[in-house]
Amino acid sequence: MHRGRAWIMVGALLGAAGVAHAQAPATQQALRWNADALGNHRYLVQVDAPATAVHVVISWRRRDAHPENVAVIVTAPDGSIVTNVRRGAIDRASGELVFQATQAGTYAIYYQPHVSKGRSNYPTVSYATPSDTADAAWSRKLGDAKHWSRLPQATVLRYEAVDDFDAYTPMERTATADELQALLAKHASDALLLFPETRAYPIRMFDTLPGRWAQRGAGGTLSDTAQRGEYLSFQLGAWAPRAAVNDVRVAFSDLRADDGSVIPASALTCFNLRGVGYDGKPFTARVDVAQGRVQALWMGLDIPATAKPGVYRGAVTVSADGVAAQSIPLAITVGEGEAIAHGDDDPFKLTRLRWLNSALAQDDTVVKPFVPIAVKGSTLGILGRDITLAANGLPAQITSRFDERMTGFAKQPKALLAAPIQLIVADDAGDHVLAAAHSPQIQRDGPGKVHWQVNANAGALTGDVKASLEADGTLAYSIALSAAKDVSLRDIRLSIPMQHDAARYQLGLGRQGDAAPVDFSWTWHAKNNQDGAWIGSVNAGLEFHLRDENYRRPLNTNFYQQQPLRMPTSWDNDGKGGIRLRAEDKDYLAEAYSGPRRMKAGETLHYDIVMRVTPFKPIDPARHFAERYFHKYGDLDAIKADGANVVNIHHATPINPWINYPFLEPAAMRAYVDAAHQRGMRVKIYDTVRELSDRAPELPMLESLGHEVISAGQGGGFSWLQEHLDGDYIAAWHVPENRDAAVINAGQSRWHNYYIEGLDWLARNIGIDGLYLDDVAYDRTTMKRVRKVLQAHRPDPLIDLHSASQYNPRDGYINSALLYMELFPYIDRLWFGEEFDYEKTSPTYWLTEISGIPYGLMGEMLQNDGNPWRGMLFGMTNRLGWSAGSDPRGLWKLWDAFGIEQADMIGWWVHDAPVKTNRDDVLATSYVRKGNKTLIAIASWAPQKVDVKLLVDWKALGLSPRRVTLSAPSVAGFQPQATFKVDEAIPVEPGKGWLIVAE
């Protein structure tokens, strides 16, 4: 994944008219010592006089489970390493050491030194094990450890961390065994102990108690203060010391002030037990506490802006199976002031936890360029497409009105289907097509969505068909097939018969983008992230996926195998199911089968299908060519002088330093965005939600949700993660320069609600113009909301999607285009991407896997700065600012001199393209300013240098061949200046081409 890593002063980058001398707030505190050599933690001890040996016992209260297995490094006042060191009793509570002190002064004892291996962005960090470095003679003189107390004693001064962020908090200093025993003695019969805690001390340990709790004792009042209108977060720690406690429940009372004012119980919630899902649906969750574990219960109180100042008292009552209810008193002091935006402008106050349950932009409105769904009987009209339903609710016909150029609409619609889509149940009596007696009744959910339900039959099975269509072209089917009696089936299959001219290309099912195969078979395999395909032509196509009621979005981008696709019970059928693609006389048939099975009486199988009709929208080459991208944080005046007008700000930059958490440098980001707007430029930021920085203040709370937000894994990774998280996570991207480490998020969770609210906050408060998405992990539900919140505040937001190729065993051989096709309706540009091969792949691969054009998008190139000649066939260049070779400025100047924004783009795939060549392996795309001039892009796939002739429809170009001149302007790194005669053969190098102006 491409990540920017510049560290520069903001003032220097804004230019003369920017924020003068403004320096970005420090994003990385200077380290106090070399953490890579010594670790992140130490105690300082004072030695008053040199001695052959001094003794010290450090009450370090460590949270790592086995400190006896971790090395200790002692350094002298001059920084040298002390080799004569003996270890005594080492446990979580304390550590005993004897070391030689040749100098008086302050010694440092580093107690978690680590060793890092592997890629710096995905480090493998382990902790050094103890080794005996002491001189044998020196060690013998010490004698038995029971005599060490007679040695000179070093004085423990203080604990230090390599920087403030790495420091262990009071909530990470463990209780001693004696403290825990004393606490349990006071609660001899209690199965669950409760510890109220304010948001200032997030619970970070789940396998033991912090010392502050053991010393303070269980129970007590939760006291806190807040302003009117503030969202107040707080916690209860629930500890099950003796046995597991199951089904924890929480209830709230009203909060009452002395003057009778009331904050109702409905203003309180427990995030661990209930919430609103990423899809807008309310849900409840069960919380069990395993024996010996601590469960953080995070609560939220929405204080009304109209609340009168005063102390409000109430209670939180906690109960569980077989556990008596316990009440924790609440005493919340509401001050005179009124919070701005609930307090959301300060992420460290954790008021933003309310964002987890947000339903912002969760509606069925439409966004540009889509139009409300038109319902005419059984025909549903959307942008450029029509879907006619059969009585069983499945599509009987799908037509597209997009033209081959993909810039507008054709006079005659193009039919996709050769016959209706059918679900067929086969038994010994024959094939039974799912059928219904009456046409489906279409119900409107809003301008952007309709749904219908059909009761149908197929042989011995009844079918409950629930379906919907959205304005972008997504059809979702939940088909429940039920057996009233025991039945033996030969097959249940889906038949999608397509017109031959609509089934030219195919990708998915383990195949990369190419001509649709004549005959191909595929079967299910959990190691492959494959459950469907796209089949189509440039201006008409169909994507389909086969699922069941247990579908869960897999992880992607390096982590698929850690949360792979769940095999759908219905379609997979224990390996008997699969998909066949074949060209037949009358149609091109895509057939999904599930094979023989028996169904018992009362059994139901879910044959769910998701389909998307492509293209989603027309392309807009004029807008595409007008947007010139710079991929780096830099001086705005210099960027503008280079011809760019859109800046993509990656993370690891001063204004966006942390991975997918763009909230900690808002002033610097706002200054930069404002300065860009003053120059007529736009700024987009990197923020994908796929992983989350360890800098996010909400991280401890997210841990309390189990694996709702943070994916389960083997832990490891950068030292901060291992030292401050509970170990059950997937370590993700790490930026060594600023010690930023991330964990992988679940593919579908309430964190998406937080993300949407966060984008809304950024658009309102910072003025960002859009997003640069790098291999996102969310689905179209969240993507729609992203588009809506940005469009609500920015008149024309820009959303780009970059992907590394997912077609590899690590990612389950999924095509990036297929993986993200559900997002395509709501983004503006593709950047596909690392590991994409621009040299050894076919024009068809470029068209279907890289360009985005068959889906209504245009794109750019990344890997090795792309192939500029082939890129121009699709309107693609590389990104300025990223590397020395990534420099499209010469092409931009040619575009401007020609006036490409006023031209009609006619791609090589158009059957009546006005410019072609005499070779199938040398293609041409023309940019036509009719009657004026045409820019002809030529690119070769021939294995050797060839001479080609242009085949030109001069009438279509509005030019006379007798008067036209053909000239190739000089473009550095692209082509020399040249002129050609109309009938002259043009030499083309392998893998290269020309840009020729005909005028």
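Here we summarise the structure given alongside this text. Residue positions are given per chain, counting from 1 as you read along its sequence in written order. The predicted origin of the model limits local features to residues at a pLDDT of at least 70 and limits the giving and counting of side-chain atom pairs to 80 or more, whereas totals for whole chains, interfaces and linings rest on all residues. The basis for every side-chain value is the complete set of heavy atoms in the structure, and neither hydrogens nor water enter the calculation.

1. Quick notes on helix α13 (residues 780-793)
For step 1, the next point in the chain: Under the DSSP-based scheme used, a helix requires at least four consecutive residues in state H or I and a strand at least two consecutive residues in state E, with every element numbered from the N terminus. A helix's residues, less one, multiplied by 1.5 Å, set its expected span. A rise of 1.5 Å per residue sets the reference length of α13, with its 14 residues, at 20 Å; its end C-alpha atoms lie 20 Å apart and thus fit the reference within 8%.
For step 2, the next point in the chain: Those residues of α13 that sit buried are R780, T781, T782, M783, K784, R785, V786, R787, K788, V789, L790 and Q791.
For step 3, the next point in the chain: Residue contacts follow a heavy-atom distance rule, with two residues in contact if any of their heavy atoms lie within 4.5 Å. Lining the buried residues of α13 we find β32 (461-470), β33 (474-483), β45 (608-614), α12 (751-765), β52 (770-774) and β53 (798-803).
For step 4, the next point in the chain: Polar contacts, as counted here, are pairs of nitrogen or oxygen atoms within 3.5 Å of one another; within protein the pair requires one atom able to donate a hydrogen and one able to accept it, and residues that are adjacent in sequence qualify only if both atoms are side-chain atoms. A side-chain oxygen of the first residue of α13 lies 3.2 Å from the backbone nitrogen of T781; this N-cap is D779. Think of it in three bands: with a 1.4 Å probe and only protein chains considered, a residue is buried below 20% of the maximum accessible area for its type, exposed above 50%, and partly exposed in between.

2. A closer look at the packing of aromatic side chains
For step 1, the next point in the chain: Only Phe, Tyr and Trp rings are paired, with Trp represented by its six-membered ring, and only when their centres lie within 6.5 Å; those with planes under 30 degrees apart are stacked, over 60 edge-to-face, the remainder tilted. Inspection of the entire model under this criterion finds 41 aromatic pairs.
For step 2, the next point in the chain: Taken together, a centroid distance of 5.7 Å and an interplanar angle of 15 degrees make the contact between W846 and F874 stacked. With W846 in helix α15 (residues 843-851) and F874 in the loop between α16 (868-871) and α17 (889-898), the pair connects residues that are 28 residues apart, well separated along the chain. Each of the two residues, W846 as well as F874, counts as buried.
For step 3, the next point in the chain: Grouped by ring-pair contacts, the aromatic residues W355, Y661, F663, W751, Y754 and W761 constitute a single cluster.
For step 4, the next point in the chain: The ring of Y159 is capped by R173, whose NZ or CZ atom sits 4.4 Å from the centre of that ring.
For step 5, the next point in the chain: Looking at R212, its charged tip hangs above the ring of Y201, at a distance of 4.0 Å from the centre. Two conditions define a charge sitting above a ring: the NZ of Lys or the CZ of Arg must be within 6 Å of the ring centre, and it must be within 35 degrees of the ring normal.

3. A closer look at the layout of surface pockets
For step 1, the next point in the chain: Put simply, the grid is 1 Å and covers the protein atoms alone, a cavity is a trapped set of points that fit a 1.4 Å probe, a pocket is an open set with protein on both sides within 12 Å along at least five of seven lines, and lining residues have an atom within 4 Å of a point. Grid points are joined across faces, edges and corners, and a volume is the space filled by probe spheres set on the points. Roughly 1,300 Å³ of volume is contained in the largest pocket.
For step 2, the next point in the chain: Taken together, 37 residues line the largest pocket, and the ones lying closest to its centre are Y278, D279, K281, A476 and T781.
For step 3, the next point in the chain: Elements supplying a minimum of two residues to the lining of the largest pocket: β32, β33, β45 and α13.
For step 4, the next point in the chain: Here the lining of the largest pocket takes five residues from α13, the largest share from any one element.
For step 5, the next point in the chain: Among the residues making up the lining of the largest pocket, the classes are represented as eight nonpolar, seven polar and 22 charged. Charged residues are taken to be Asp, Glu, Lys and Arg, nonpolar residues to be Ala, Val, Leu, Ile, Met, Phe, Trp, Tyr, Cys and Pro, and polar residues to be all remaining types, Gly included.

4. Here we look at empty space enclosed by the protein
For step 1, the next point in the chain: Across all of its chains, the model carries four cavities of 30 Å³ or more by this definition.
For step 2, the next point in the chain: Quantified by volume, the largest cavity comes out at close to 170 Å³.
For step 3, the next point in the chain: Lining the largest cavity we find 17 residues, and of these N529, H545, R547, Y551 and L819 sit closest to its centre.
For step 4, the next point in the chain: Mapped by element, the contributors of at least two residues to the lining of the largest cavity are β40 (540-547) and α14 (816-820).
For step 5, the next point in the chain: With three residues, the top contributor of residues to the lining of the largest cavity is β40.
For step 6, the next point in the chain: Residue classes in the lining of the largest cavity are distributed as seven nonpolar, four polar and six charged.
For step 7, the next point in the chain: As a volume, the second largest cavity reaches approximately 90 Å³.
For step 8, the next point in the chain: Lining the second largest cavity are 14 residues, and of these T365, G448, E470, K784 and Y826 sit closest to its centre.
For step 9, the next point in the chain: With three residues, α13 is the single largest residue contributor to the lining of the second largest cavity.
For step 10, the next point in the chain: When grouped by side-chain class, the residues that make up the lining of the second largest cavity number five nonpolar, two polar and seven charged.

5. Overview of the sheet that holds strand β6 (residues 95-101)
In any sheet, the strands associate via hydrogen bonds between backbone groups, in a parallel or an antiparallel arrangement.
For step 1, the next point in the chain: Read from one edge of the open sheet, three strands run β2-β6-β5, paired in antiparallel fashion. This sheet does not close on itself; its edge strands, each paired only once, are β2 (51-58) and β5 (85-90). Going across the sheet, the axis of each strand differs from the next one's by a mean of 20 degrees, ignoring polarity.
For step 2, the next point in the chain: Strand pairing is defined by DSSP finding a minimum of two bridges between the two strands. As defined by bridge partners, β2 adjoins β6 across six bridges and the pair is classed as antiparallel. In the sheet register, V57 faces β6, and the bridge partner there is E96. Axis lines are fitted to C-alpha atoms, over the contacting stretch for helices. Their N-to-C directions set the angle, which ranges from 0 to 180 degrees.

6. Quick word on the sheet that holds strand β35 (residues 491-498)
For step 1, the next point in the chain: Across the sheet, which stays open at both edges, the six strands sit in the order β29-β28-β35-β42-β41-β38 with antiparallel pairing between neighbours. Edge positions in the sheet fall to β29 (430-433) and β38 (519-523), since each has one partner strand and no second. Strand-to-strand, the axes of this sheet are offset by a mean angle of 20 degrees, without reference to chain direction.
For step 2, the next point in the chain: Relative to strand β42 (residues 588-593), β35 runs antiparallel, the two being bridged by six bridges. For S495, the partnering residue across the bridge sits in β42 and is E591.

7. Here we look at the pattern of salt bridges
For step 1, the next point in the chain: We define a salt bridge as a contact between a side-chain nitrogen of Lys or Arg and a carboxyl oxygen of Asp or Glu at a distance within 4 Å. Applying the stated criterion to the full structure yields 55 salt bridges.
For step 2, the next point in the chain: Linking D254 and R256 is a salt bridge whose minimum nitrogen-to-oxygen distance equals 3.6 Å.
For step 3, the next point in the chain: D254 sits in the partly exposed class, given a relative accessible area of 32%.
For step 4, the next point in the chain: Look at R256 and you get partly exposed, because its relative accessible area is 47%.
For step 5, the next point in the chain: Salt-bridge contacts for R787 lead to D828; the nearest nitrogen and oxygen are separated by 2.7 Å. One end of the pair, R787, is in helix α13; the other, D828, is in the loop between α14 and β54 (829-832), with 41 residues separating them in the sequence.
For step 6, the next point in the chain: One network of salt bridges, with partners in common, ties together R623, E627, R682, R787, D796, D828, R829 and E860.

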